[in-house]
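Take a look at the letters that make up each chain.
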Amino acid sequence: MTEDKFIPVCEPLYLGNEEKYVSDAVSSRWISSSGSYIKKFEEEFSKYCSTKHGITTTSGTTALHLALRAGGIGKGDEVIIPDFTMAAVLFAVLYCEAKPVFVDAEPDTWNIDATKIEEKITPATKAIMPVHTYGHPVDMDPIMKLAEKYSLFVIEDSAEAHGAEYKNRKCGSMGNIGCFSFYANKIITTGEGGMVVTSDPKLAERSRYYKNLCFPLHGRRDYIHDDLGYNYRMTNVVAALGLAQLENICKFIEKRRNNAKLYNELLKDIPGIQFPVEKEYAKNVYWMYGILINPEKFGMPRDKLMDNLREEGVDTRYFFKPMHNQKVLEKSGISVEGNYPVTECLSANGLYLPSGSGLNTSDIKYICNKLRNISVRA
Ligand SMILES: Cc1ncc(COP(=O)(O)O)c(C=O)c1O
């Protein structure tokens, strides 16, 4: 291992009022889920997403669960999700006792392949959950057409795509409801946290209702509960951090896009690497800079490359594993049909390189030099 050198995959970056706002929230004594920072963060973030309502949550996972509940998804309903994604997407469906139905990925964007969705729709299908993977927007028009044709509810999982755009529309604003995560590695972070955004006032009301133990939204709090609710309330202290981060979201996105450009440039002539794309309809925010390794052309398998980079002090992560193979499905009594060759290939050969907004040019040059040397030695 190169002495003392360690470049993490991602670290939070503070550029402005983070400590000031958090300290203000703490000293105000509004440390639970009421307070001015909650209101402001919800208002400002939903405005940023071009939606009318924002409802903070404790995580991206709880945002997804809340969105499904608000959309009325329940036992026996089928929900179409990408096979290539993160377990939270699958879990949110399982929390509702609904059935996940998987669709394979596109080979270039790594997002759900919209051309393979219709064959999975049955009379039990109630929702589609496209996920804007690693910061690249899903091709939403065909999905919205299917949703209209079959009256399906659309939940956009934008956990990884703060500020990404599809045909100049913000991710999270195109479906019925959008969900975000503010986990520490996200483009803006609150440590742990999430938000649901929507322009539908009914969905906003239902989200607020379920997230707060189904206390009545209006009138006197009489401790009578008509429905099963959850405590998914973000605290004012956490929202203070979020608001400060939001003030610099454009800088974070610009940084990530510039980093991706530099990676593309410095790695372009190394054989056996497939790079992330930016389709003509997309503004990719490169939440994570992912690459695919062709072991024959590159000269070694993905895992060996990751071991070698680790030796040089460069942290990396595997791509997601396919959802259809998760053991939890069998334990939940869910059988899976079909083949998912693209997802299998992505999860066997994909990795992401350090991608945080705080990475500097010399870090990226260092990573690319090491990667080049490893490929030459292979
Ligand atoms: C696509 C996607 N959805 C949902 C989540 C869950 O977010 P959280 O970790 O905030 O629960 C993540 C987390 O990384 C994610 O990548």
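Everything here concerns the structure above.
Participant: I would appreciate a short explanation of empty space enclosed by the protein in the present structure.
Facilitator: One way to see where empty space is left: roll a probe the size of a water molecule over the atoms. Tallying each qualifying case throughout the model produces three cavities of 30 Å³ or more. For the lining of the largest cavity, a count of residues per class yields six nonpolar, five polar and one charged. For the second largest cavity, the calculated volume is near 50 Å³. Lining of the second largest cavity is provided by 13 residues; of these, Pro12, Leu13, Lys186, Ile187 and Arg256 occupy positions nearest its centre. Residue classes in the lining of the second largest cavity are distributed as six nonpolar, four polar and three charged.

Participant: Help me out: how do you make sense of the site of the ligand in this one?
Facilitator: Taken together, 13 residues surround the ligand, and among them Thr61, Asp157, Glu160, Ser181 and Lys186 come closest. A total of 390 Å² of accessible area belongs to the ligand in isolation, and the protein chains cover 92% of it. Considering each element in turn, the shell around the ligand owes the most residues, three residues, to helix α3 (residues 60-70). Classifying every residue of the shell around the ligand gives five nonpolar, five polar and three charged.

Participant: How do you make sense of helix α4 (residues 87-95) when you look at a structure like this?
Facilitator: The periodicity of an α-helix, 3.6 residues per turn, causes residues three or four positions apart to be oriented the same way. Buried within α4 are the following residues: Ala88, Val89, Leu90, Ala92, Val93 and Leu94. Against the buried residues of α4 lie α3, β2 (78-82), β3 (99-103), β5 (153-157) and α11 (327-331). Downstream of α4 by one or two residues, Glu97 has phi in the positive range, about 60°.

Conventions adopted
- Residues numbered from 1 in each chain as written.
- Predicted model: local features only at pLDDT ≥ 70, side-chain atom pairs only at ≥ 80, totals over all residues.
- Heavy atoms only, no water.
- 1 Å grid on protein atoms, 1.4 Å probe; cavity = no way out; pocket = protein on both sides within 12 Å on 5 of 7 lines; lining within 4 Å.
- Points joined across faces, edges and corners; volume = space filled by probe spheres on them.
- Nonpolar A, V, L, I, M, F, W, Y, C, P; charged D, E, K, R; others polar.
- Near = heavy atom within 4 Å.
- Areas by Shrake-Rupley, 256 points an atom, 1.4 Å probe, with all protein chains shown as cover.
- Helix = DSSP H or I, 4+ residues; strand = E, 2+ residues; numbered from the N terminus.
- Buried < 20%, exposed > 50% of the residue type's maximum accessible area, 1.4 Å probe, protein only.
- Contact = heavy atoms within 4.5 Å.

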